[in-house]
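# Results of the structural survey
In case you want the letters, here they are:
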Amino acid sequence: MTIYFQEVEQVYQPKTPHEFVALKNVTTQFDEGKYYAIIGHTGSGKSTLIQHINGLLKPTKGSVYVNGTRITAKTKDKALRDIRKHVGMVFQFPESQLFEDNVEREIRFGPQNFKMNQEEVLNRAKALFKEFGFQEDIMARSPFQMSGGQMRKIALTSILAMDPDVIILDEPTAGLDPHSKTQVMQLIKRLQKEEGKTIILISHEMNDVAQYADEVKVMRQGQVVETLTPRELFSDTSKVEALHLELPDIVQLQKDVEQRHQTQFARTALTEEEFVAMYKEWQHER
Ligand SMILES: Nc1ncnc2c1ncn2[C@@H]1O[C@H](COP(=O)(O)OP(=O)(O)OP(=O)(O)O)[C@@H](O)[C@H]1O
Ligand SMILES: [Mg+2]
């Protein structure tokens, strides 16, 4: 499922004193099966951009193509039903949208709404709960008697269990404990690797961007100003500075080591394993 933004503009509260152009002439593409990170400062338009992919927002100008279906300002919600089945959207703090008093009903709600096979969705949810380390009785429990982190995983599962081709996540790990953060990030990566899902992740966490994404889209003032690989981005320190972004910890460590030893490694490592391998080789050659 290719997603293509063609000269998309989004104006909030048009023709009022609060009018705000949140997307300006955005042309950009997301290819099937890739893992994208969208980064950029607060207010740069990240959440606005992704809400076009399932038609929650329609462009005020331009078009968004999702799997060949064109979404414009005039597109009717009825025409978006099929797209919404295939595009799973996990909002910021999705636990705030839980409303059923038992987990099974919460899981059933989505497939009921979309007239999908509820048992299949329940089975996928059970497997995901297992992966998250929940006990078997989870389905019968109330989400409202759980911790924030557990509620987040239930909300996430309710979307992922519907098996969307495209998974969009708006800061899914914000506020989670470190163990849960890793669990969520590794699950998402597995869904891309093993099931061929397209992932679109909004993140402020450069460590995750470096470790998981295939491509990064940098947003600034309502525009996508860069599309490049994490390695291209993080090995270009002046670009990172110009965009007022931070370096991942591992890249910062490499820079410190390079400075201390007055040397430069062949390439920028994006993970600890990569750095350790490079460092050992360098020591060996010295
Ligand atoms: N409903 C709205 N009405 C008016 N302005 C809005 C509305 N929603 C968002 N905006 C404005 O549009 C701009 C882009 O907002 P958006 O939420 O897309 O940014 P973001 O990049 O997701 O930021 P953050 O990192 O803080 O989540 C912001 O300046 C915001 O104030
Ligand atoms: Mg946002």
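Residues numbered from 1 in each chain as written. Chains lettered and ligands numbered in written order. Predicted model: local features only at pLDDT ≥ 70, side-chain atom pairs only at ≥ 80, totals over all residues. Heavy atoms only, no water.

Per an unreviewed UniProt entry, the chain is named Energy-coupling factor transporter ATP-binding protein EcfA2, and its organism is Staphylococcus argensis. For the record of the chain, the UniProt heading Sequence similarities (unreviewed entry) holds the text "Belongs to the ABC transporter superfamily. Energy-coupling factor EcfA family." Reading the Subcellular location (unreviewed entry) entry of the UniProt record for the chain gives the comment "Cell membrane". (UniProt positions renumbered as here; feature names shortened; annotations may be inferred.)

Moving on, we come to the nonpolar core. Considering soluble globular proteins, one finds that nonpolar side chains tend to be buried as a cluster. Phe129, Leu233 and Phe234 are the most contacted members of the largest nonpolar core, which totals 59 residues. Beyond its immediate stretch of four places on either side in the chain, Phe129 contacts Val103, Ile107, Phe134, Ile138, Met139, Lys153, Ile154 and Thr157. With 24 residues, the next largest nonpolar core counts Leu49, Ile53, Leu80 and Met219 among its residues. (Core = buried A, V, L, I, M, F, W, Y, C linked by side-chain atoms within 4.5 Å. Buried < 20%, exposed > 50% of the residue type's maximum accessible area, 1.4 Å probe, protein only. Contact = heavy atoms within 4.5 Å.)

Let's shift gears to the UniProt feature "domain: ABC transporter" (unreviewed entry) in the chain. Cross-referencing UniProt, the feature "domain: ABC transporter" (unreviewed entry) maps to residues 3-246 in the present numbering. Its end C-alpha atoms 28 Å apart, residues 3-246 is made of 35% helix and 25% strand. (Helix = DSSP H or I, 4+ residues; strand = E, 2+ residues; numbered from the N terminus.)

Right, let's get into the packing of helix H5 (residues 148-160) against helix H6 (residues 178-195). Axis separation between H5 and H6 bottoms out at 12 Å; the angle between their running directions is 10°. Classified by the angle between their axes, H5 and H6 sit roughly parallel to one another. Taken together, the residues of H6 that come into contact with H5 (itself represented by Lys153, Leu156 and Leu160) are Ser180, Gln183, Val184, Leu187, Ile188 and Leu191. The class makeup of the residues in the contact of H5 with H6 is six nonpolar, two polar and one charged. (Axes fitted to C-alpha atoms, helices over the stretch in contact; angles between N-to-C directions. Parallel < 35°, antiparallel > 145°, perpendicular 65-115°, else oblique. Nonpolar A, V, L, I, M, F, W, Y, C, P; charged D, E, K, R; others polar.)

Now for the pattern of salt bridges. Taken as a whole and judged by the stated rule, the model has 16 salt bridges. Put simply, Lys239 and Glu226 hold a salt bridge, and the shortest N to O gap is 3.4 Å. Taken together, the residues Lys239 in helix H9 (residues 237-242) and Glu226 in strand S10 (residues 223-228) connect sequence positions 13 residues apart. Salt bridges sharing partners connect three or more residues here, namely Glu131, Arg190, Glu194 and Glu195. (Salt bridge = Lys/Arg side-chain N within 4 Å of Asp/Glu carboxyl O.)

Here we come to the domain arrangement of the chain. Looking at the assigned domains, one finds that the chain contains domain 1 (3-247) and domain 2 (248-286). Computed from C-alpha atoms alone, the centre-to-centre distance between domain 1 and domain 2 is 33 Å. With 11 residues of domain 1 in contact, the opposing surface of domain 2 contributes 11 residues. Around 930 Å² of area is buried between domain 1 and domain 2 when both sides are counted, 59% of it from carbon and sulfur atoms. Counting every contact that joins domain 1 to domain 2 gives one salt bridge. Two residues, Glu274 and Arg231, come together in a salt bridge whose shortest N-O distance is 2.7 Å. For the side of domain 1 that touches domain 2, the secondary-structure elements that each account for two or more residues are helix H7 (206-212) and helix H8 (230-234). When residues in the side of domain 1 that touches domain 2 are grouped by element, the largest group, four residues, is from H7. (Domains from an automatic or database assignment. Buried area = accessible area lost by both parts, 1.4 Å probe.)

It is worth spelling out the pairing of strand S8 (residues 198-202) at this point. Most of S8 is tucked away, with five of its five residues classed as buried. By the bridge criterion, four bridges tie strand S3 (residues 35-40) to S8 in an arrangement that is parallel. Pairing of Tyr35 across the sheet is with Ile199, part of S8. Note that strand S7 (residues 166-170) and S8 share five bridges and pair parallel. Pairing of Leu169 across the sheet is with Leu201, part of S8. For the segment spanning S7, H6 and S8, crossover handedness is right-handed. (Pairing = 2+ DSSP bridges. Right-handed = clockwise from strand over helix to strand, strands pointing away.)

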